[in-house]
Amino acid sequence: MCEKCNTKPASVHMQQFLGGQKVELHLCQDCAFKIENPEMLGSLENIFKGFLDQLNTKYFNNAGTGKVQQVRSTKVCSRCNMTFDKFKTGGRLGCDVCYQSFAKEVEVLLKNVQGSTRHEGKYPRRMGAGILSKRQVSELRSQLKSAIEIENFEEAARLRDEIRALESTEVTQ
Amino acid sequence: MTPWYQEALTDENEILSSRVRLARNIKRYPFRRKMTSSDAAAMVSEASEAVTMAGNFFRKLEIQTLAKTEQTVFLEKHIISPEFLNGNLPKGLLISDDQNVSIMLNEEDHVRIQAIKPGEGLTLAYETAGQIDDLIEERVEFAFHTDYGYLTACPTNTGTGLRASYMIHLPCLTKSDLSNNLLQQITKFGVAIRGIYGEGTAPMGSIYQISNQKTLGKSEEEIILSLQNVTRNVISNEQKARETLLTTRKSYLEDAIYRAYGILSNARMISAKEAMDLLSDIRLGFITKILDAPKPAKQIYQIMMEIQPGHLQRNAGEEMSEQERDITRAAYLREIFSS
Ligand SMILES: [Zn+2]
Ligand SMILES: [Zn+2]
C-alpha cells in the first residue's frame, strides 16, 4: 500500500533525500508523480516555446486590450552585444553577463524550463565559504519579500537584521 | 583499462552504460555564439593546458583534421556529439587512454566533461567527471552565479550543468508496443527518453537513452537519484513485459529470436537498422535462455556499435557506398554467428 495516501497500491519504489538522509519510499503512481515533478514537462523545445508565449503575455501584454504583442525587447548585453531578439530566435546566450543584461527574462525562462531559480549543487572551490553566506542572504531576501507581502512586519524586521548581520561579517572577512 | 563497451559484465543487464556530462564556461571568454576565432583558439589552449597540467591522463586530438570516418566512429561511440562537429571555430578534444573520459572544448559550451561507465555506474561516472571539473577549476575561473550556479550558453543546462543518462535495452516493452506509452509516462517525471543516436533519429535495436531534463534546483546527487528511481521503475516494467511475453506469447518470442539468428548467420546484405533490431532479439534470446547457440566472444552491444557505418569503414580502411557497407556488415555478422 502507498506510504503516503494509504489508499492506492504502491507500485513505485524511490529513494529521496529527506533532511540529508536517504529514505526508501513505496508509493502509488499518483503520489510518486507529485513528489518527483510538480509540473508537467514536455520536450525542451516545447518548454522553450511555452516560455516565449508566457513572456509575451507576462511582460508585453497590452494592458486592458488583452492583445498580446510580440516581444520587442531592445535590450542589448553590455559585454557581448547580444540582443534579446537574437537570443529569442537562436536560444543561446552570448556570455555570462547576458544573464544580468536580460535578468528579468532569464528569471522567467529559468522558472519555466527548470522550475527553479536557485542552484542547490556544487560550487567552485575558489569561491570558498563566501558563497554559502551569499546564498543564505539571497534565501533570506526572498523570505523577507514574502514577509512584507503578507504584512508580517515583525518577521520582516527579524529577517532584515539577520541579513545585515550576515552581510557585515562578509565585509569583515 | 579496457573501454566500457568491452567490459563483459553487462550482457544480461537492461542498463548498457551510464554517462555523465558537465557543462562549464570560462569566465573571461564570451560563449561560443559571440566568440571570435582568436578567442576560441586562446580558450582551447588555456583549457587544454589546465587539463594537461593536472596530470598526464589525456591525449589531445585535433578533431577538425581527423578523417571523416574517425569522426563518425567517435560519434557512434558517443564520445563526441554531432553539435561538436558544427561550425569552424577552433575546437579541442581531450580523451583518456581507455576512452572512458573525454573533454570537448568549444562544443556548445567551452568545456564539456564526459565520463562513461559500463552498466549501472552513474555515481562513479559523476565522481570521475567531478574530479576533472575540480582539476580544471584550480587553473581557470568558470562563469558562476550565486543564485543560478554554473552559467551555460543555453539556460536549459544552467545550474549544475549536469546531464546524467543511461543507455538501456528494452526489447520486451518495444515488442509489446508499450514503449510509446511508457515514453509519455516518464517524461512527467522530469526525464527525457530518446533513441540510441539521439533526438530525431529512429529508435534502433530497442535501445533508449534516458536522461534528466532539469539541471537547476536540485543537487547533483538528487538529480542522479531521481534518474535512478525512474530507471529502476522502467526496468521493472521491462521485466514485467518479458514475463508476460514468456507466459502468453512464448512461441512468438521463440520464433522471433530464432529467425533473427537465422538471418544474421545467413544474410548477404543487411542495413544497420535491420541488424540492430535482430541483434536486440539475439540479446533477448540469451537473457531468456531461449536461444541455444554459442555466445559470441564480444558483447552484443559492442557488435551493435561495430556494424555502424563509421566503424565498418574504419575497420575496412576505406570509404564505402551504402551497398558495400550492407555487404560488409552481413559478412561480419555471418562470421560471428555462423560458426
Ligand atoms: Zn498514494
Ligand atoms: Zn552577453
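Just so it is clear, the model here is predicted, and its values are computed rather than measured.

Here's the deal with the overall build of chain B
Secondary structure assignment for chain B yields 11 helices and 10 strands. Over its C-alpha atoms chain B spans a radius of gyration of 21 Å, differing by no more than 12% from the 20 Å that the globule rule assigns to 339 residues. In terms of principal-axis extent, the alpha carbons of chain B reach across some 65 × 45 × 35 Å. The burial tally for chain B puts 62% of its 339 residues in the buried class. The long-range fraction of contacts in chain B, counting pairs at least 24 apart against all pairs at least 6 apart in sequence, stands at 71%. With an accessible surface of roughly 13300 Å², chain B has 49% of that area assigned to carbon and sulfur atoms. For chain B, the distance from the average site of its 38 positive side-chain charges to the average site of its 44 negative ones is 3 Å.

Things to note about the coordination of the zinc ion (ligand 2)
All names here are of chain A. With distances of 2.3 to 2.4 Å, the protein atoms coordinating the zinc ion (ligand 2) are Cys77 (SG), Cys80 (SG), Cys95 (SG) and Cys98 (SG). One can describe the donor arrangement at the zinc ion (ligand 2) as tetrahedral, given that its 4 donor atoms subtend angles of 99 to 124 degrees at the metal. Taken in sequence order, the residues that donate to the zinc ion (ligand 2) follow the motif C-x2-C-x14-C-x2-C. Here Cys98 lies in helix α4 (residues 98–101) and Cys77 lies in the loop between β4 (67–68) and α3 (84–90), a separation of 21 residues in the sequence. The residues Cys77 and Cys98 share a single accessibility class, namely buried.

Side note on helix α11 (residues 322–337) of chain B
Here α11(B) is 16 residues long and its end C-alpha atoms lie 22 Å apart, about the 22 Å a rise of 1.5 Å per residue gives. Looking at the buried side of α11(B), the elements it contacts are α7 (250–264), α8 (272–287), α9 (300–306) and α10 (309–316) of chain B.

Brief notes about the confidence of the model for chain B
Residues and elements named next belong to chain B. Mean pLDDT over chain B works out to 91, with 95% of the residues at or above the 70 mark. Looking over chain B, one finds the lowest element-wise mean pLDDT in helix α5 (residues 179–187), namely 72, and the highest in strand β7 (residues 149–150), namely 97. Interface confidence in the predicted complex, given as ipTM, is 0.88; pTM for the same model is 0.80.

Let's talk about the environment of Ala40(B)
Assignment of secondary structure puts Ala40(B) in helix α1 (residues 37–53). The spacing of Ala40(B) and His110(B) is 70 residues in sequence and 8.7 Å in space, taken between C-alpha atoms.

Quick notes on the packing of helix α3 (residues 122–137) of chain B against helix α6 (residues 220–248) of chain B
All names here are of chain B. For the pair α3 and α6, the least separation of the axes is 10 Å and the interaxial angle reads 155 degrees. Looking at the two axes, α3 sits roughly antiparallel to α6. Every pair of crossing elements has a handedness; the one defined by α3 and α6 is right-handed. Along the contact surface, α3 presents Leu122, Thr123 and Tyr126, while α6 presents Glu220, Glu221, Ile224, Leu227 and Gln228. Each residue belonging to the contact of α3 with α6 can be placed in one class, and the counts come to 4 nonpolar, 2 polar and 2 charged.

Reading the values: the criteria
- Residues numbered from 1 in each chain as written.
- Chains lettered and ligands numbered in written order.
- Predicted model: local features only at pLDDT ≥ 70, side-chain atom pairs only at ≥ 80, totals over all residues.
- Heavy atoms only, no water.
- Helix = DSSP H or I, 4+ residues; strand = E, 2+ residues; numbered from the N terminus.
- Rg over C-alpha atoms; globule rule 2.2 N^0.38 Å.
- Buried < 20%, exposed > 50% of the residue type's maximum accessible area, 1.4 Å probe, protein only.
- Contact = heavy atoms within 4.5 Å.
- Areas by Shrake-Rupley, 256 points an atom, 1.4 Å probe, with all protein chains shown as cover.
- Lys, Arg positive; Asp, Glu negative; His and termini not counted.
- Charge placed at Lys NZ, Arg CZ, Asp CG, Glu CD.
- Donors = N, O, S within 2.8 Å, 3.2 Å for Na, K, Ca; no water.
- Tetrahedral: all angles 85-135°; square planar, octahedral: opposite > 155°, others 65-115°.
- Expected span 1.5 Å × (residues − 1).
- pLDDT = per-residue confidence, 0-100.
- Axes fitted to C-alpha atoms, helices over the stretch in contact; angles between N-to-C directions.
- Parallel < 35°, antiparallel > 145°, perpendicular 65-115°, else oblique.
- Left-handed = near helix turned anticlockwise from the far one by under 90°.
- Nonpolar A, V, L, I, M, F, W, Y, C, P; charged D, E, K, R; others polar.

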